[in-house]
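Coordinate inspection notes
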Amino acid sequence: ADKYEEQPPLSGFWQSVFNSTNLLMGVGLLSLPYACRLAGWSALIILAVLAAITNYTAKLLGYIMEYQPSVKLREGPGAYTIYGFADMGFVAFGDFGRYLMFVIFIVETFGYACVYIIIEGENLRTQLAHLPAFTGFTKEGFYMLSTCVFLPPMWLPNLSVLSYMSAFGVFSSLVLLFGVILEGALGTEPNAEYCKPPACTGSWLHPSPTTLYRVGDLPIVIGLVMVGFAGHAVFPTIRNDMEKKQHYGRMVDVTYVLVLFAYAGMTVCGYLMFGDKAEEEVTVNLGKTLISHVIVWIVLSNPVCKYPLDMAPIAFGIESFFQITFKIPYSTWLFTVVSLLIRTLLVFVSLLAVLAIPSFAVMVALLGSLGSFTISVTFPCACYLKLFWTDLSLTVKVVNIVLVVLGVLGAAV
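Residues numbered from 1 in each chain as written. Predicted model: local features only at pLDDT ≥ 70, side-chain atom pairs only at ≥ 80, totals over all residues. Heavy atoms only, no water.

1. As for the overall build of the chain
Counting its regular elements, the chain contains 14 helices and zero strands. Along its sequence from the N terminus, the chain presents helices and strands in the succession α-α-α-α-α-α-α-α-α-α-α-α-α-α. Taken over the C-alpha trace, the chain has a radius of gyration of 22 Å; the compact-globule value for 413 residues is 22 Å, and the two agree within 12%. Oriented by its inertia axes, the alpha-carbon framework of the chain measures out at about 65 × 60 × 40 Å. A burial count over the chain gives 53% of its 413 residues as buried. Relative to all contacts within the chain whose residues are 6 or more apart in sequence, the contacts with residues 24 or more apart total 79%. (Helix = DSSP H or I, 4+ residues; strand = E, 2+ residues; numbered from the N terminus. Rg over C-alpha atoms; globule rule 2.2 N^0.38 Å. Buried < 20%, exposed > 50% of the residue type's maximum accessible area, 1.4 Å probe, protein only. Contact = heavy atoms within 4.5 Å.)

2. Regarding the environment of Cys114
When you line up the elements, Cys114 lands in helix 4 (residues 85–128). Overall, Cys114 belongs to the buried group, its relative accessible area being 0%. Considering only alpha carbons, one finds Cys114 and Ser350, 236 residues apart in sequence, at a separation of 5.6 Å.

3. With respect to the state of the cysteines
A covalent bond between the sulfur atoms of two cysteines is what we call a disulfide. As enumerated under the stated definition, the model contains one disulfide in all. Shown here is the disulfide that connects Cys195 with Cys200, its sulfur atoms set 2.4 Å apart. Each of the two residues, Cys195 as well as Cys200, counts as buried. Among the cysteines around Cys305, which has no disulfide bond, Cys148 carries the closest sulfur, lying 18 Å off. Overall, the relative accessible area of 4% leaves Cys305 in the buried class. For Cys383, which is in no disulfide, the shortest distance to another cysteine sulfur is to Cys381 and amounts to 10 Å. (Disulfide = S-S within 2.5 Å.)

4. A closer look at the packing of helix 5 (residues 139–154) against helix 12 (residues 333–356)
The relative placement of two packed helices comes down to the angle between their axes together with the axis-to-axis distance. Their axes nearest at 10 Å, the elements helix 5 and helix 12 cross at an angle of 160 degrees. Judged by the inter-axis angle, helix 5 sits roughly antiparallel to helix 12. In this structure, the crossing between helix 5 and helix 12 has a hand that is right-handed. Of the residues in helix 12, those in contact with Glu140, Tyr143, Met144, Thr147, Leu151 and Met154 of helix 5 are Arg343, Thr344, Val347, Phe348, Leu351, Val354 and Leu355. Its residues assigned to classes, the contact of helix 5 with helix 12 comprises nine nonpolar, two polar and two charged. (Axes fitted to C-alpha atoms, helices over the stretch in contact; angles between N-to-C directions. Parallel < 35°, antiparallel > 145°, perpendicular 65-115°, else oblique. Left-handed = near helix turned anticlockwise from the far one by under 90°. Nonpolar A, V, L, I, M, F, W, Y, C, P; charged D, E, K, R; others polar.)

Now the structure itself:
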C-alpha cells in the first residue's frame with residue numbers, strides 16, 4: 001500500500017470504553033440534581049428512558065456503518081465504506097442528506113467545543129481572579145487562557161493516545177460523583193448563600209424536602225438530561241478507531257452501564273442533599289470545605305479531557321482531506337506539521353466564535369439541543385428504516401417510526 005494510506009494505531013476495547021465514557025460523562029453530571037428540582041423524582045424516569053433510547057440508537061449507528069452501499073462514496077481507500085454521518089446521509093437520502101447531516105454535525109460538535117471554552121474560562125475566572133497574577137484579567141482574557149490550556153491535548157495525534165486523557169476524564173467524573181456522595185455522608189453545612197436548613201440540609205442521610213413530580217418545566221428537564229447522552233456525533237469516529245469493530249455494540253453497552261450508574265448516583269444523592277434548592281451546578285450548593293475545593297478543580301479538568309475528543313472528528317476529517325488530496329504520507333514530518341496547524345487553527349476559530357457572537361452560550365444551548373435530538377435520535381432511526389426497511393419486522397418498524405417522531409418533537413421543544 002502507498003504510504004499515504006497508512007493509518008495510526010487503533011484503539012482496544014477498553015480504550016474505546018474510556019473515550020466513550022469520557023465523551024458522555026462530564027459537565028452534564030453537574031446539573032442532574034437541578035433537573036430533579038424542576039421535575040421532582042420523575043426526572044429519574046426521564047433519565048432511564050433517554051438512556052434506553054440513546055443506547056439503542058448508538059448501536060443502530062454501528063449497523064448502519066456495516067451497510068454496503070452500491071455507490072462510491074469517495075476516491076481511494078474505503079471508497080465503499082461508511083465512515084460517518086455525511087456518508088450515512090448520502091447513502092440513505094442522497095446529496096440533501098449528506099449536506100444536511102454535515103451542517104448539523106458541525107454545528108453540534110463545534111458548538112459543544114465552544115461551550116467547553118466558556119465553562120473552562122468561567123471556572124478559571126472563579127478560581128484565579130483573586131490572585132495577584134490575574135489582576136485585571138477580563139472574562140475574555142480567561143477564555144483566551146482556557147484555549148491555551150486546550151491546545152496541548154488537541155495536538156495529540158489519535159484516539160488511542162487520547163484514551164489516556166479519557167481515562168483521567170472518567171476518573172475525574174467519578175471523583176466528582178464520590179466527592180458529592182462523601183460530602184452528603186459527612187453532612188457538611190451547604191453554601192448558605194443558596195440554601196439553608198431546613199429547606200436544604202446538605203446530607204443524604206438527613207434528606208432535604210423533595211417533590212415526587214412536577215410537569216411545568218418538562219422540556220427544560222428533557223434538554224438537561226439529554227445533554228448527558230449527546231455523544232452520537234463522535235460515536236462513528238470511536239467505532240472507526242476500534243481495533244475490533246465487531247465489539248462496538250458491547251462497548252456501547254458497557255459505556256452506558258458506567259454512565260447510568262454515575263448519573264443515577266449524582267441525581268439521587270444531589271437531590272436528597274439539596275432538594276428544591278439545588279442549583280444548576282451542584283458544586284455551587286457545596287460548602288467551603290477541602291473536598292468541595294477538590295471537586296471544583298476536578299470540574300476544571302473535565303473540559304480539558306473532553307474538548308480534544310469532541311473536536312477529533314472535525315480535525316480527522318480535514319486531515320484526511322489533505323492526506324488523500326495531496327498524497328501526504330501519514331508517518332512524515334510534513335503530515336505532523338499540517339496536523340498541528342489544522343488543530344491549532346480549529347482551537348482559535350472556536351475562541352473567535354466565543355468572543356465574537358453575543359449571547360453565545362444561550363445560542364449554543366439551543367443549537368445543541370436541536371442537534372442532540374436530531375443526531376442522537378431522529379437521524380439514526382430514519383436512516384436505519386430507509387436502508388433496512390425490507391429486512392425489518394413490523395415491531396421494529398413501529399418502534400423506529402415512533403422514535404423518529406419523538407426525536408423531532410424533542411428538537412422542536
